[in-house]
Amino acid sequence: MKLTILFSMIILLIGGCLPEQEESSIQASTETPFPLLDEHDLLQLGMHGDCRVEQYENDKKSSLVHYSFCNYTVKSLDAEIIVELSKYNNLEDLNGSYQYNSLHLRSSEGLINENEYGDQSRFSVNNEDDYGGEFNEPGIYYYHLWIVKNLYLIHITSKGSKDAKEHISEIGLQILTKFK
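Below you will find a few notes about this structure. The model shown is predicted, which means the values in this text are computed figures rather than measured ones. (Residues numbered from 1 in each chain as written. Predicted model: local features only at pLDDT ≥ 70, side-chain atom pairs only at ≥ 80, totals over all residues. Heavy atoms only, no water.)

## Topic: the state of the cysteines
So, step 1. Taken as a whole and assessed by the stated rule, the structure comprises 1 disulfide.
So, step 2. The residue that forms a disulfide with Cys51 is Cys70, at a sulfur-sulfur distance of 2.0 Å. In this structure the cystine formed by Cys51 and Cys70 twists about its S-S bond by roughly 115°; its chirality is therefore right-handed. Of this pair, Cys51 sits in strand E2 (residues 48–56) while Cys70 is found in strand E3 (residues 64–74), placing the two residues 19 residues apart along the sequence.
So, step 3. On the basis of relative accessibility, which here comes to 0%, the residue Cys70 falls in the buried class. (Disulfide = S-S within 2.5 Å. Helix = DSSP H or I, 4+ residues; strand = E, 2+ residues; numbered from the N terminus. Buried < 20%, exposed > 50% of the residue type's maximum accessible area, 1.4 Å probe, protein only.)

## As for the packing of aromatic side chains
So, step 1. Enumeration over the complete set of coordinates arrives at 3 aromatic pairs.
So, step 2. Ring centres of Tyr117 and Phe123 lie 6.3 Å apart, and the angle between their planes is 85°; on these two criteria the pair is classed as edge-to-face.
So, step 3. Considering the side-chain rings of Tyr152 and Phe179, the 5.3 Å spacing of their centres and the 65° angle between planes classify their relative orientation as edge-to-face. On the criterion of sequence distance, the pair formed by Tyr152 in strand E8 (residues 152–160) and Phe179 in the segment after helix H4 (164–176) is long-range, its members being 27 residues apart. Considered together, Tyr152 and Phe179 belong to a single accessibility category, that of buried residues. (Phe/Tyr/Trp six-rings, centres within 6.5 Å; stacked < 30°, edge-to-face > 60°.)

## Description of unusual backbone geometry
So, step 1. You will see that Asp78, though not glycine, has its phi angle at about 55°, which is positive.
So, step 2. Within the secondary structure layout, Asp78 lies in the loop between E3 and strand E4 (79–88).
So, step 3. Judged by relative accessible area, which is 64%, Asp78 ranks as exposed.

## Quick look at the pairing of strand E6 (residues 121–125)
So, step 1. With 5 of its 5 residues buried, E6 lies for the most part within the structure.
So, step 2. Of the two faces of E6, the one holding Ser121, Phe123 and Val125 and the one holding Arg122 and Ser124 are both buried throughout.
So, step 3. Summarising the sheet, strand E5 (residues 111–114) and E6 pair through 3 bridges and their orientation is antiparallel. Paired with Glu114 across the strands is Arg122, a residue of E6.
So, step 4. Taken together, E5 and the strand that follows it, E6, pair antiparallel across an intervening segment of 6 residues, in which Asn115 is found at a positive phi of about 65°. (Pairing = 2+ DSSP bridges.)

## Focus: the layout of surface pockets
So, step 1. By volume, the largest pocket is sized at about 200 Å³.
So, step 2. Around the largest pocket, the lining is made up of 13 residues, and of these Arg106, Asn126, Asp130, Tyr142 and His144 lie nearest the centre.
So, step 3. Elements represented by at least two residues in the lining of the largest pocket include exactly E6 and strand E7 (141–149).
So, step 4. Looking at the lining of the largest pocket, its residues break down into 4 nonpolar, 7 polar and 2 charged. (1 Å grid on protein atoms, 1.4 Å probe; cavity = no way out; pocket = protein on both sides within 12 Å on 5 of 7 lines; lining within 4 Å. Points joined across faces, edges and corners; volume = space filled by probe spheres on them. Nonpolar A, V, L, I, M, F, W, Y, C, P; charged D, E, K, R; others polar.)

## Thoughts on the side chain of Glu84
So, step 1. The topology assignment puts Glu84 in strand E4.
So, step 2. Separated by 2.6 Å, the side chains of Glu84 and Tyr67 make a polar contact.
So, step 3. Not counting residues up to four positions away in its chain, the partners in contact with Glu84 are Tyr67, Ser68, Phe69, Leu153, Ile154 and His155. (Polar contact = N/O pair within 3.5 Å; in protein donor to acceptor, adjacent residues only side chain to side chain. Contact = heavy atoms within 4.5 Å.)

## Observations concerning helix H3 (residues 91–103)
So, step 1. Taking 1.5 Å of rise per residue, 13 residues should cover 18 Å, and H3 covers 18 Å from first to last C-alpha, within 8% of that figure.
So, step 2. Inspection of H3 places Leu94, Ser97, Tyr98 and Ser102 among the buried residues, and these make up the whole buried set. Summarising the axial view, the buried residues of H3 lie within an arc of 105°, below the 170-degree limit, and thus occupy one face.
So, step 3. Looking at the buried residues of H3, the elements they touch are E4, E6, E7 and E8.
So, step 4. Two to three positions downstream of the cap, the backbone nitrogen of Glu92 sits 3.2 Å from a side-chain oxygen, assigning the N-cap of H3 to Asn90.
So, step 5. Of the residues flanking the end of H3, it is Leu105, one or two places downstream, whose phi is positive at about 65°. (Expected span 1.5 Å × (residues − 1). Arc of directions from axis to C-beta.)

Written out as structure tokens, the structure is:
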């Protein structure tokens, strides 16, 4: 009897350690979902580009439900802008990701403002005190705006002109109008 119970426990342990055959499905699409920028927004902001969207099954395997990556150019500013939108399953995963990503490898000297775009937002610019900042190209600025809204984490970043600061701010405010 003891041997049968021990053998059953070993099989359960081995079965629990094997990788599952079924993977979370990813659906790639070129459609721009809520709440990213639409055609009117892009025209108003003087930007053009494309987006990649991934939808994940809403289960315990992944903290993400949705991820969008949009790459834009603004010729009037000579800047590249990336807008990332991540939707999380719960507030704990969202907060952990926000805290790590918005502070990771950045110094406090580049911080422009906090909480100006909501309770959890950080706006910063690259600085020579950032990790790897000494390798930044002269005259190239990297702005980062992190915003948390509901279960969404929005990250807007630019590479290029110092003048992109106001543009990044406008993009953040435009995206926030999509949340009601």
